[in-house]
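# Commentary on secondary and tertiary structure
This is what each chain is made of:
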Amino acid sequence: MNFNSVLFEINADKEDTMNVEFILYIIKFVLIGFVTFLSILNMSKTRAASWMFIMCGFIFMYISLLYDLFLKLGIMSEPNLYIYGIPLVSLLFIVIPCLFFSIGFIVRLSKK
């Protein structure tokens, strides 16, 4: 086994990993996109505050997925804003959907 064959195997593994990541992004886009589409359709029919928060959570999940893909593709770059070494924008895109879901469930549970 020479150096070139080892290098080829390493590159082949990277290509397989990139293909798997790409397929997973497509699956995420289809599923979260479908849920987001249904959320937007449901917003016109539902006026309950709890459901509005949950729908906003799904919309922010889709925006977060788009942002993550743009970072991976190099279309956008991460701003130099960090909190304890964590990029602020990425942190917000993780926290905001969870906050909307939590607020929606709390509002729903508080109504009697």
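Every chain is numbered independently, its residues counted from 1 as its sequence is written. Only residues with pLDDT of 70 or above have their local features reported here, since the model is predicted, and side-chain atom pairs are shown and tallied only from 80 upward, although totals for entire chains, interfaces and linings are computed over all residues. Just so you know, side-chain values use all the structure's heavy atoms and leave hydrogens and water out.

### Focus: the nonpolar core
Keep this limit in mind: Within this scheme, the nonpolar core is defined by two criteria: the residues are buried Ala, Val, Leu, Ile, Met, Phe, Trp, Tyr or Cys, and they are joined through side-chain atoms within 4.5 Å. Each residue is assigned to one of three classes by its accessible area relative to the maximum for its type, calculated with a 1.4 Å probe on protein chains only: buried under 20%, partly exposed between the two thresholds, exposed over 50%. Here a helix means four or more residues in a row that DSSP labels H or I, a strand means two or more in a row labelled E, and each is numbered from the N terminus. We call two residues in contact whenever any of their non-hydrogen atoms come within 4.5 Å of each other.
Counting five residues, the largest nonpolar core consists of Tyr 25, Phe 29, Ile 32, Leu 65 and Leu 69. Put simply, the parts of the chain that give this core at least two residues each are α1 (3–43) and α2 (49–73). The leading source of residues in this core is α1, at three residues. Once residues lying within four places of it in the same chain are set aside, the contact partners of Leu 69 are Tyr 25 and Phe 29.

### What to know about the packing of aromatic side chains
Our working rule: Two aromatic rings, drawn from Phe, Tyr or Trp (for Trp, its six-membered ring), form a pair once their centres lie within 6.5 Å of each other, and the interplanar angle then sorts them: stacked below 30 degrees, edge-to-face above 60, tilted otherwise. Two limits define a charge over a ring: the Lys NZ or Arg CZ must be within 6 Å of the ring centre, and within 35 degrees of the ring normal.
Under the definition given, this model contains five aromatic pairs. Residues Phe 60 and Phe 100 carry aromatic rings whose centres are separated by 5.4 Å and whose planes lie at 25° to one another, so their mutual orientation is stacked. Here Phe 60 is found in helix α2, whereas its partner Phe 100 is found in helix α3 (residues 88–110), with 40 residues between them in sequence. Residue classification places Phe 60 among the partly exposed positions, given a relative accessible area of 26%. An aromatic cluster is built from Phe 53, Phe 60 and Phe 100, whose rings are joined through pairwise contacts. It is Lys 28 that lies over the ring of Tyr 25; its NZ or CZ is 5.4 Å from the centre.

### Points about α3
What counts is decided by this rule: Multiplying 1.5 Å by the helix residue count minus one yields the expected span of that helix.
Counted at 1.5 Å a residue, the expected span for α3 with its 23 residues is 33 Å, and the 31 Å between its end C-alpha atoms agrees. Here α3 has its buried residues at Phe 93, Pro 97, Phe 100, Phe 101 and Gly 104. Residues of α3 that are buried sit in contact with α2.

### Some points on the confidence of the model for the protein chain
Keep this limit in mind: Looking at any residue, its pLDDT shows the predictor's confidence there, from 0 to 100.
Residues of the protein chain with pLDDT of at least 70 account for 84%, and the chain-wide mean is 83. Within the protein chain, α1 has the poorest average pLDDT of any element, 74, and α3 the best, 93. Here residues 4–8 is modelled with pLDDT under 50, and outside its nearest four sequence neighbours on either side it reaches one contact, counting other chains as well.

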